[in-house]
Structure formats: C-alpha cells, structure tokens
Amino acid sequence: MNTNLKAKVILSLLITECILSVSAQQVPKIYYHSKKHVTCRNGVVVSAHPLASRAGIQILKEGGNAIDAAIATQLALAVVYPAAGNLGGGGFMVARLSNGKNITIDFREKAPVAAGRNMYLDEKENVISGKSEDGHLAAGVPGSVAGIFTYYKFARLPFAKLIQPAIDLAEKGFPISAAEANDLNENQEDFKKYNTVMPVFIKDKGWKAGDILIQKDLAGTLKRIRDKGAKGFYEGETARLIVEEMKRGSGLIGYEDLKNYTAKSREPVVFTYKNDFTLITMPLPSSGGVLLPQMMRMVEDRNLKQLGFETVPSVHLMAEAERLAYADRAKYLGDVDYFKVPVKTLISYPYVRERMKKFNMDSAGNSKSTGAGIIPESEETTHFDTYDKYGNCVSITTTLNGGYGCRTVVGGAGFLLNNEMDDFSVKPGVPNMYGAVGGEANVIAPGKRMLSSMTPTIALFNGKPFLILGTPGGTTITTSVFQTLIDIIEFGMSASDAVNKPKFHHQWLPDTLYVEKDFPKQVSIQLQKMGYKIGSKGAIGRTEVIRVFPTGEIEGVADWRGDDDAEGY
Ligand code: GLY
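Here the structure is a predicted model, which is why all the values come from computation and not from measurement.

Asks: Looking at this model, I keep getting lost on the site of the ligand. Mind explaining?
Replies: For the ligand, the full set of nearby residues is Arg108, Thr381, Thr399, Asn401, Glu420, Asp423, Ser452, Ser453 and Met454. The side chain of Ser452 places a nitrogen or oxygen atom 2.7 Å from an oxygen atom of the ligand. In isolation the ligand exposes 200 Å². Once the protein is present, 99% of that is buried. Class assignment of the residues belonging to the shell around the ligand gives a composition of 1 nonpolar, 5 polar and 3 charged.

Asks: Would you mind going over the pairing of strand 9 (residues 277-281) with me for this structure?
Replies: Within a regular beta strand, the side chains point alternately toward one face of the sheet and then the other, so they alternate between its two faces. Among the 5 residues of strand 9, 5 are classified as buried, and the element is accordingly described as predominantly covered. Burial of the side chains of strand 9 extends over both faces: Phe277, Leu279 and Thr281 are buried on one face and Thr278 and Ile280 on the other. Pairing of strand 8 (residues 269-273) with strand 9 involves 5 bridges; the strand directions are antiparallel. By the bridge assignment, Thr272 is partnered in strand 9 with Thr278.

Asks: What is the right way to look at the nonpolar core in this model?
Replies: The nonpolar side chains of a soluble globular protein tend to be buried, and buried together. With 80 residues, the main nonpolar core has Leu87, Tyr151 and Leu222 as its most contacted residues. If we ignore the near neighbours within four places in the chain, the residues touching Leu87 are Leu75, Ala78, Pro142, Ser144, Val145, Leu218, Thr221, Leu222, Ile225, Phe233 and Phe415. Counting 63 residues, the second-largest nonpolar core is a separate cluster that includes Met298, Val315, Leu513 and Val515.

Asks: I would appreciate a short explanation of the environment of Tyr326 in the present structure.
Replies: Inspection of the secondary structure assignment puts Tyr326 in helix 14 (residues 312-332). For Tyr326, a relative accessible area of 3% translates into the label buried. Contact partners of Tyr326, with chain neighbours within four places excluded, come to Leu291, Met295, Thr475, Thr478, Thr479, His505, His506, Gln507 and Trp508.

Asks: I would appreciate a short explanation of the pattern of salt bridges in the present structure.
Replies: Where charged atoms from two side chains of opposite charge approach closely, those side chains can pair. Evaluation of the coordinates by the stated rule reveals 30 salt bridges. The salt bridge involving Glu567 is made with Lys35; its shortest N-O contact spans 3.0 Å. The exposure class of Glu567 is buried, given its relative accessible area of 8%. With its nearest N and O atoms 3.0 Å apart, the salt bridge here joins Asp190 to Arg407. Through salt bridges with shared partners, one network takes in Asp106, Lys264, Arg266, Asp337 and Arg449.

Asks: Please explain helix 2 (residues 50-61) as it appears in this structure.
Replies: Spacing of three or four residues puts side chains on the same side of an α-helix, whose turn is 3.6 residues. In this model, helix 2 (12 residues) spans 16 Å end to end at C-alpha, consistent with the 16 Å of a helix rising 1.5 Å per residue. Helix 2 sits mainly inside the fold: 9 of its 12 residues count as buried. Those residues of helix 2 that fall on the buried side of the exposure criterion are Pro50, Leu51, Ala52, Ser53, Ala55, Gly56, Ile57, Ile59 and Leu60.

Calculation rules
- Residues numbered from 1 in each chain as written.
- Predicted model: local features only at pLDDT ≥ 70, side-chain atom pairs only at ≥ 80, totals over all residues.
- Heavy atoms only, no water.
- Near = heavy atom within 4 Å.
- Polar contact = N/O pair within 3.5 Å; in protein donor to acceptor, adjacent residues only side chain to side chain.
- Areas by Shrake-Rupley, 256 points an atom, 1.4 Å probe, with all protein chains shown as cover.
- Nonpolar A, V, L, I, M, F, W, Y, C, P; charged D, E, K, R; others polar.
- Buried < 20%, exposed > 50% of the residue type's maximum accessible area, 1.4 Å probe, protein only.
- Helix = DSSP H or I, 4+ residues; strand = E, 2+ residues; numbered from the N terminus.
- Pairing = 2+ DSSP bridges.
- Core = buried A, V, L, I, M, F, W, Y, C linked by side-chain atoms within 4.5 Å.
- Contact = heavy atoms within 4.5 Å.
- Salt bridge = Lys/Arg side-chain N within 4 Å of Asp/Glu carboxyl O.
- Expected span 1.5 Å × (residues − 1).

This is how it looks when you write it as structure tokens:
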C-alpha cells in the first residue's frame, strides 16, 4: 500500500476523530471513523462513508437482508456523501439472491425528450466547452429513486424503516470529515455559479472537519419519498421543484420526462473464467458488461500467475487487453434500446482471440494503428456492497458523474443533479471529461441512456458467492474491477492488497498508460522503453470488496483512498 497515502489517511482520520470529539458538545453527538477492514460471520456492508455503512449494518442487525441494507446504505449515501451519493443521479445494481437468482437493474439517467444530438455544439458544430458538464443543461433524467423501488421488491422490511436513517442524518445533520470539507471548499465558486437558490453547501467562512451539515430540504424530499414511494420524487411536489429549477436555469427536464422514467430489469451478463469462477456483471448501457468479459478472456490463457503481480510482462499484457477493449468501446457501445450492439460477438472467444493477435510480447501497442475490431455482420461515482447471513449478495454503483454532478441543487428539494449528459458522445470523436471518445452508438437522442463504465460485479467460486466488488472512477472503473479480480484470482492476493496496491489504466485514447503514484518506478521505466507513454494519476478508483470464505467467514475491505468504511457483525 502506498505508504505516504496511508500515513496521510491515518493522520486525517485521527484529526477527524479528534475534531469530532471536540464538536461532540454540539448536536448531534455522532462519532465516526473509517474502518478499512472487517471480518465477521453474519453480514457486511462496505461503502464510501462510515455513516452509510452503519445505516446498512444496523438494518441487517434488525432482521433485514442484503437488499434492505443496500437501500438504507444508498439513501444514507445520498445525505452523507453529497459529491456522489445521490437522489439526482443514477446507477446499476447487480445481485445474486440466496436462491441462486441473478438480478441486474438499470437505473441509469436518460436524455430528456427535448435533448438532441447537437445540443452542446455551436453553429460551426464545435463542442461548447463545459456545456455538457456544468449546470442545468448537463443533467439527465435521474434514475436512482426508481431503481431503489425496483429492487425494493426483494427486500423484507417496511420502506419507512429503511429510509429513516437518511431522514435523520439530513434533518439533524452530521459532522463532516476532513475530506468532505476539502471537497466542499473546492466547489464553492461552482455552487455559487450554477445555482438559482443558494444551497446549504455554500459557507462563506469555508468548511472544516467536524462542522455539522444539516439538509432540511433534502429531508423534506426524503419524507415525500417515504410517504408516496417513487411518486414522491417523479410526481407532485418534488417534480414541481425539479421542473421549476429547470425553468430558472434553462434546463430541459420536464414533467413528462420524470413521470415516464422507469428503471429496467436487464438480463445479467454471466460468464465463466477458467471454469471454476463465474462472473455476474452489468450489461449495457454499462460498458463493463462487454469490456470485463473481453479483458478477462483476452488474458485467460496467458498464465498470468507465472508472470506475477505488477511485473513488466503482466502489466504489458493487461494494458494491451485494456487498449483493445476500449477501442471497441469507442466504436460499438451505446444504449442497446437505440443502437444495435453486437455484444455476443464482442465477448466471444473467437473474436477476442483474433483481437489478441495484435499483441506483441516485446513492445507496446499503438492506438493510432489499433482500431476497433471488425464485426462481420454489421468522476463522481460511488460503489457499495452488502452481504447477509442468508447468502444474498448486492453490488451497486451509483453516480452523479463529476464530483457534485452539475453542481446544481434543486431549489427547495435539496439534492444535487447529475451531469451525466457528458457521458454521451457529445460529438463523435471528441473526448468527454474522462478523455473517452465515442461514436454513433453513443450520440444523444431523446430518452436514450448514455453509455456508462460502472461495473458492479459478483464472482462465484464453484457456484458459491466468493467476491462482491466495484468502484467509482469514470472510465477507470472497468479496468480497476478487472485488475482487482486478476489480483485475487491469479496472483493469490488478499482482498486488502488487491484493493489498496497501486493500479494502472489504459483506455486506448489517449494513448497513455496511467499509473498511480506509488506504482513501481522500475516497472514504469521498463514499460517506457517498450514504447509506452506513461502518465500519472493521483488515485485510481475507490474499490470496495466483500470476500466470502468457504468457512463462512465474511471479509469486508474498504479502499484507503477515501473515507470508505467496512462494517460487519
Ligand atoms: N458517470 C460515470 C459512468 O457512468 O461511467
């Protein structure tokens, strides 16, 4: 693990704990710190925030199952982690129930009906910088609340009980961490610029660890959802507040967009790796459901175990698999309800083997000469996992896209809107905020879902739950999930090491191999000699993992890169 980062996180946790104790004289008396590792036998919740993980674990203790816990966690994240937890965004859920049924639910945002493919271009058809990222026009129709009610049918406890922790946290407030204070401070100017009603996130003197964040408007929205279900969000008062906000800020989301939004149950992507492992992941509009099987199959017959973790040949092999898969992403992937995507071919063994013929053991590939394969016929996000004593597994990634989404809070309703429209290809060939390019498959159309990288995943070993995992990180999501799986399955790493050791990322374009700052220097130098352009990234992802052992022991690992927290009992 990155020693500097670890030291920094420990210091920040100590400071946070200390400051929170001082502020304990104020209301509310909430103490927390991030637990990075837990082992127990009854249930585990891992998420980006201790108060959200706690909300989930409390529900498990009170007789809920992993689905109940996921709902409580997701709703609590919408309060305690405003940068990414959300009501105004969307996401994907992958679950495996104790009866062996696999479920995937798509609650991705959609383009409003008034959206069109050239909406972010000027009269010369050039992209207007920032238009798909900032403020009202960047927001897609939110899917999170519809998603929660779609998966609620697998829960056990009354909804009012599951939402109460979130209502309490919003209404009474909670002390913010040092990292949250820092993020809020960095976004003050944007909050002022992109809001028509000044939100509670604005603080003239600046935020510091231990300050209490109270969100009364958000509590009101949560209560309407408690009392009226999804209609408490997509119709009535909340819908009115959203549409009024859109009118004040020249956004596009209208009453019909909200009323017609539905989450979709999709056919899970299920594939095997080396016979013993079965992987269950999210299909399109998540690109993960294509890229993960492609990359796993590209390396499956290459004896990675012998090459070893983060050696020159193993990083080279995995980076080239990433390059090839992301070249296909740019050309072929988009919303299957709008564009015919040859998924079966893209993940088939003959196709991936043909693609790997481009792989040269001695030198880096080249993205200019590496296009997508030929098909014959035709940043901020958050992840959490829950597991219960019955064997139910839940893996959910949700997103606002950028940190605090478009930075616009719905006036009177207290929640931030996403800037997910930037995940469309706003102009084919022009990179989005993650530097990813897309083509026709992912152009904007009314009602269409934008392509995502979110890859909530469950791995079975010999048919039994083994790993539940996922991460935020824009286009780095799928490569982080890929590496975490390979680290555990092939390199025999502990879940903690697989989460915390430095990661790398290649996405075809830009033609750069990004490495985290503690990535071994000697390996970078060797890779450079092979022809790679090396770029550095501060942190890649915030991976959360639950590992289930045949003994019945359950391990939860929360990423060191943030406030992430693992709880169990
Ligand atoms: N907004 C990031 C993603 O969906 O991939």
